[in-house]
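Coordinate analysis (summary)
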Amino acid sequence: MDDPETRLRDTLDSLASTVVPSPDTYARARTEWQRRDRRRRLVMLVLAVLIVAAADVVGLWALNSRTEPDRPPGKEQIDVVVQP
């Protein structure tokens, strides 16, 4: 009676001997990884630009949303009230 580990090893060895590796597998995997990395970086850049632009727009809106500022005194007559 064979040991299950030995039978499994023999089965996997016979299966591995029939596998033919593709010569350009690494190159395809590397190209795919680089494409995904470029896309990830581009998406992060676009998100960062959008966040900064949105913060700028909100800041400018907040600065300009005040009501009309007080006008400096001009030729208006100012009454002085003195209490006794």
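The structure we're discussing is the one just above.
Note that the coordinates shown come from a computational prediction; the quantities given were computed from them, not determined experimentally.

What follows is about the overall build of the chain. When helices and strands are counted, the chain shows two helices and zero strands. By residue count, 1% of the 84 residues in the chain fall in the buried class. Total accessible area on the chain stands at roughly 8,900 Å², and carbon and sulfur atoms take up 62% of it.

Topologically, Asp 37 is positioned in helix H2 (residues 25-64). Classification of Asp 37 as buried rests on a relative accessible area of 17%. At 2.6 Å, the side chain of Asp 37 forms a polar contact with the side chain of Arg 40.

This part covers the pattern of salt bridges. Scanning the model with the defined rule gives six salt bridges in all. Between Arg 41 and Asp 37 there is a salt bridge, with its nearest N and O atoms 3.2 Å apart. Taken together, the positions of Arg 41 and Asp 37, both in helix H2 and four residues apart, correspond to about one turn of that helix. Judged by its relative accessible area of 54%, Arg 41 falls in the exposed class.

Time to look at a nonpolar patch on the surface. Judged by side-chain polarity, Leu 42, Val 43, Met 44, Leu 45, Val 46, Leu 47, Val 49 and Leu 50 come together as a nonpolar surface patch covering roughly 750 Å² of accessible area. A residue is classified by how much of its surface remains accessible, and Val 43, at 43% relative accessible area, is partly exposed.

Rules of the game
- Along each chain, residue indices are assigned from 1 in the same order as the chain's sequence is written.
- Where totals are concerned, whole chains, interfaces and linings use all residues; where local detail is concerned, this predicted model gives features only for residues with pLDDT of at least 70, and gives and counts side-chain atom pairs only at 80 or more.
- Excluded from the side-chain calculation are hydrogens and water; included are all heavy atoms of the structure.
- Under the DSSP-based scheme used, a helix requires at least four consecutive residues in state H or I and a strand at least two consecutive residues in state E, with every element numbered from the N terminus.
- We call a residue buried when its accessible area falls under 20% of the maximum for its residue type, exposed when it is over 50%, and partly exposed in between, using a 1.4 Å probe and counting protein chains only.
- Residue exposure ignores everything except the shown protein chains as possible cover, and the areas themselves are Shrake-Rupley values with a 1.4 Å probe.
- Here a polar contact is taken to be a pair of N or O atoms separated by no more than 3.5 Å, where protein atoms must pair a possible hydrogen donor with a possible acceptor and residues adjacent in sequence count only if both atoms sit in side chains.
- In the sections that follow, a salt bridge refers to a side-chain nitrogen of Lys or Arg positioned within 4 Å of a carboxyl oxygen of Asp or Glu.
- A residue counts toward a patch only above 30% relative accessible area and without a salt bridge, and it is joined to like-charged neighbours within 9 Å or, for Val, Leu, Ile, Met, Phe, Trp and Tyr, to nonpolar neighbours within 5 Å.

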